[in-house]
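Chain by chain, the residues run as shown.
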Amino acid sequence: QKMASELPPDRFENEIVGGDDDDDDLQSMTGSIASSVLTADGIHDVTGFYVVCLVILIGDMSRGVFFPSMWPLVSELGGSQVTLGYAVAAFSFGRILVSPMFGRWSVAYGYTKTLLFSCSILLCGTFLYAQVQNVGRAEFLILAQTVLGVGSGTLGVTRAFIADVTAQRNRTKYMAWITAVQYAGFTVTPFVGAIFTKTLEDVDLQWGVFRINMYTAPAYFMSCVIIVTLVVITLYFRDRVRIQTQKDSKKKSSRRAAIDDHANRMTFVGLTVYDCCIFGCMLLNVATKGSIGSFETLGVSIAESHFDMFSARAGAIVGSCGTVGVMALLSMGYLSKYLTDIQLICGGMIVMASGILSLAFLDDDKVNPSWKFILAIFMIYSIGYPIGHTAVIGLFSKIVGRRPQGELLGWFASAGSLARLSFPIMSGYIANYAGISVLFFVLIGVLSVATIVTMINRKTLIMLSQ
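Residues numbered from 1 in each chain as written. Predicted model: local features only at pLDDT ≥ 70, side-chain atom pairs only at ≥ 80, totals over all residues. Heavy atoms only, no water.

The next thing to look at is the overall build of the protein chain. Of regular secondary structure, the protein chain possesses 21 helices and two strands. Expressed as a percentage of the 466 residues in the protein chain, the buried residues total 59%. Taking contacts inside the protein chain between residues at least 6 apart in sequence as the whole, the part at least 24 apart equals 83%. As displayed, the protein chain offers around 19,200 Å² of accessible surface, 65% of which is attributable to carbon and sulfur atoms. (Helix = DSSP H or I, 4+ residues; strand = E, 2+ residues; numbered from the N terminus. Buried < 20%, exposed > 50% of the residue type's maximum accessible area, 1.4 Å probe, protein only. Contact = heavy atoms within 4.5 Å. Areas by Shrake-Rupley, 256 points an atom, 1.4 Å probe, with all protein chains shown as cover.)

Here it is in structure tokens:
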């Protein structure tokens, strides 16, 4: 109570009746005030926040840096678009295998040990990737991608940490910040891969099993970054101890009691309203991540086949639009003042569907104007996905509330990884056997259905997120 009385008055604005948000602030504090400072902007552990941002960045850098050279590497290994789909999906398959487990470990063994272990696996994955060309088989590329996915399967852990060090009323803003870091990892860092592809296109130096060329340089670059991250975690990151407080049920506000009663009602499918909302948020995660996963898989291939672009240029376009997307994410705090999470989610998915629609009528017999590709990537990577998907994460975290979030956010991350596993494979088969236009109409249908269902259930989602 003494600590609470010393906080600035603006920390106690009553956005939620009954002071539940203030309890959330106090629950997030650790026993060591020296290592957990409550700052004016609402982050309880600033150093830990920055370290977690670094872990998030390298997790998706291991996807983005390889983006420009992935399709040329698959082609050199004798693979097709279907092979590319499996290679991209393998990364997400690795995440699915471990995300819930890492979430449990973060509660049982602490954040530090979990992050050190996962980053060590990620380092092993980069070494395997660097040897793909020596082995000369697409199956080994899929194995390397799987190990990289396992090493980066800490999205649930890092999001749980952010939820632990921020107040619920500011949760969407800070989730947007870490999503901006994640987004920069797989949409801005293709710039780095494009530089390697351009400068090392005709270079192939070899010393035994070590080769330096456009395919291996990104892997060795990632190895160096991960080693630095391991050192930073060891020196600067400290675990948090969550303090559990006993709430007096007599003090529960009538509004909170009404919300809890509604959340615990059974639906016709045999699940509570709360469980249905949690499951629904996971499906929204699947819709948004799956759609952008399809572009991640076939983006370079589409640029080459329908727009006569080099892979380096396509990577630069994605990186440029990703940079704008990061700026959009950093503005989420401002947007959330005027728009609800539901409006941001639906608006983002509508913009994504519109961007995909602009590519649905490409001419297969001649080179299409490049502005169509740029416009679609801009609408998807700069506006639609970053805003819509981040609002989904914020909504999910708010609905979970003060319950332990590690494992639940691990399952949420696994749902996204499942989308990145299934959609790339589906995209490869559809594009290969039915044509690229059919694929685009399928994605438009998925996003349209998700938008309609969200709008129908918007009142329940808003109520449970309070």
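There is more to say, and it comes next.
With that settled, consider unusual backbone geometry. With a phi angle near 55 degrees, Asp-308 is a residue other than glycine that sits in the positive phi range. Checked against the element boundaries, Asp-308 lands in the loop between α14 (273-307) and α15 (311-330). With relative accessibility at 57%, the residue Asp-308 sits in the exposed group.

Mean pLDDT over the protein chain: 80, with 86% of residues reaching 70 or higher. Overall, residues 1-41 carries pLDDT values under 50, and its contacts beyond four positions in sequence, including any with other chains, amount to 77 contacts. In this model residues 243-250 is a low-confidence stretch, pLDDT under 50, and it forms eight contacts with partners more than four residues away in sequence or in other chains. (pLDDT = per-residue confidence, 0-100.)

A complete count under the given rule lists five salt bridges for this structure. Measuring nitrogen to oxygen at the nearest pair gives 3.5 Å for the salt bridge that ties Asp-60 to Arg-63. On the criterion of helical spacing, the pair formed by Asp-60 and Arg-63 is a turn pair, its members being three residues apart in helix α3 (residues 46-64). Since its relative accessible area comes to 7%, Arg-63 is described here as buried. Measuring nitrogen to oxygen at the nearest pair gives 3.1 Å for the salt bridge that ties Lys-398 to Asp-341. Of this pair, Lys-398 sits in helix α18 (residues 370-400) while Asp-341 sits in helix α17 (residues 341-357); the two residues are 57 residues apart in sequence, bridging distant segments of the chain. Judged by its relative accessible area of 9%, Asp-341 is buried. The network of salt bridges with shared partners includes Asp-60, Arg-63 and Arg-95. (Salt bridge = Lys/Arg side-chain N within 4 Å of Asp/Glu carboxyl O.)

So, about the packing of helix α5 (residues 81-108) against α14. Taken N-terminus to C-terminus, the directions of α5 and α14 make an angle of 145 degrees; their axes are 9 Å apart at the nearest point. Our pair here, α5 against α14, has a crossing hand that is right-handed. Seen from α5, the contacting residues are Gln-81, Leu-84, Gly-85 and Val-88; seen from α14, they are Glu-296, Thr-297, Leu-298 and Ser-301. (Axes fitted to C-alpha atoms, helices over the stretch in contact; angles between N-to-C directions. Left-handed = near helix turned anticlockwise from the far one by under 90°.)

On to helix α11 (residues 190-199). Restricting attention to buried positions, one finds in α11 the residues Pro-190, Gly-193, Ala-194, Phe-196 and Thr-197. Here the buried residues of α11 occupy an arc of 160 degrees about the axis, which is enough to place them on one side. Along α11, exposed side chains directed more than 90 degrees from the buried face belong to Ile-195, Lys-198 and Thr-199. (Arc of directions from axis to C-beta.)

So, on to the nonpolar core. By size, the foremost hydrophobic cluster in this structure holds 133 residues, and its most contacted members are Tyr-129, Leu-141, Phe-295, Tyr-381, Ile-399 and Phe-440. The element contributing the most residues to this core is α14, with 16 residues. Apart from residues no more than four positions distant in its own chain, Phe-440 is found in contact with Phe-295, Ile-302, Ile-356, Leu-359, Ala-360 and Leu-362. (Core = buried A, V, L, I, M, F, W, Y, C linked by side-chain atoms within 4.5 Å.)

Here Thr-197 shows up in helix α11. Apart from the residues within four sequence positions on either side, Thr-197 is in contact with Pro-68, Ser-69, Met-214 and Ser-311.

Moving on, we get to the environment of Ser-75. Locating Ser-75 in the fold gives a position in helix α4 (residues 67-76). Residues Ser-75 and Ala-138 lie 63 residues apart in sequence; the distance between their C-alpha atoms is 9.5 Å.

Counted by the stated rule, this structure contains 18 aromatic pairs. Between Phe-66 and Tyr-129 the ring centres are 4.0 Å apart and the planes differ by 25 degrees, which places this aromatic pair in the stacked class. With Phe-66 in the loop between α3 and α4 and Tyr-129 in helix α6 (residues 111-130), this pair connects stretches of sequence that are 63 residues apart. Ring centres of Phe-102 and Trp-105 lie 5.6 Å apart, and the angle between their planes is 50 degrees; this geometry places the pair in the tilted category. With Phe-102 and Trp-105 both in helix α5, this residue pair falls three residues apart, about one helical turn. Its relative accessible area of 26% is what places Trp-105 among the partly exposed residues. Here a set of aromatic residues connected by ring pairs shows up, and it is made of Phe-49, Tyr-50, Tyr-174 and Trp-177. (Phe/Tyr/Trp six-rings, centres within 6.5 Å; stacked < 30°, edge-to-face > 60°.)

What follows is about a nonpolar patch on the surface. Residues Leu-205, Trp-207, Val-209 and Phe-210 make up a contiguous nonpolar surface patch of roughly 440 Å² in combined accessible area. Within the element layout of this structure, Trp-207 appears in strand β1 (residues 205-207). By relative accessible area, which is 54% here, Trp-207 ends up exposed. (Patch = residues over 30% accessible without salt bridge, like charges linked within 9 Å, V, L, I, M, F, W, Y side chains within 5 Å.)

Looking now at α18. For α18, built from 31 residues, the straight-helix expectation of 45 Å at 1.5 Å per residue is met to within 8% by its first-to-last C-alpha distance of 44 Å. The principal kink in α18, of about 40 degrees, is found at Gly-384, preceding the proline Pro-386 by one to four residues. Summarising burial for α18: 24 of the 31 residues are buried, a large majority. Remark: Gly-401 follows α18 within two positions and exhibits a positive phi of approximately 70 degrees. (Expected span 1.5 Å × (residues − 1). Bend = angle between axes of the 7 residues up to and from the residue.)

Attention now goes to the packing of α4 against α5. Contact geometry of α4 with α5 gives a least axis separation of 10 Å together with a crossing angle of 125 degrees. Relative to α5, α4 is oriented oblique. The chirality of how α4 crosses α5 is right-handed. Contact with α4, carried on its side by Met-70, Trp-71 and Val-74, involves Gln-81, Thr-83 and Leu-84 of α5 and no other residues of that element. Residue classes in the contact of α4 with α5 are distributed as four nonpolar, two polar and no charged. (Parallel < 35°, antiparallel > 145°, perpendicular 65-115°, else oblique. Nonpolar A, V, L, I, M, F, W, Y, C, P; charged D, E, K, R; others polar.)

Moving on to the side chain of Ser-427. Along the polypeptide, Ser-427 turns up in helix α19 (residues 406-433). Residue Ser-427 is classed as buried on the basis of its relative accessible area of 0%. In terms of polar contacts, Ser-427 uses its side chain to reach the backbone carbonyl oxygen of Phe-423, at 2.6 Å. (Polar contact = N/O pair within 3.5 Å; in protein donor to acceptor, adjacent residues only side chain to side chain.)

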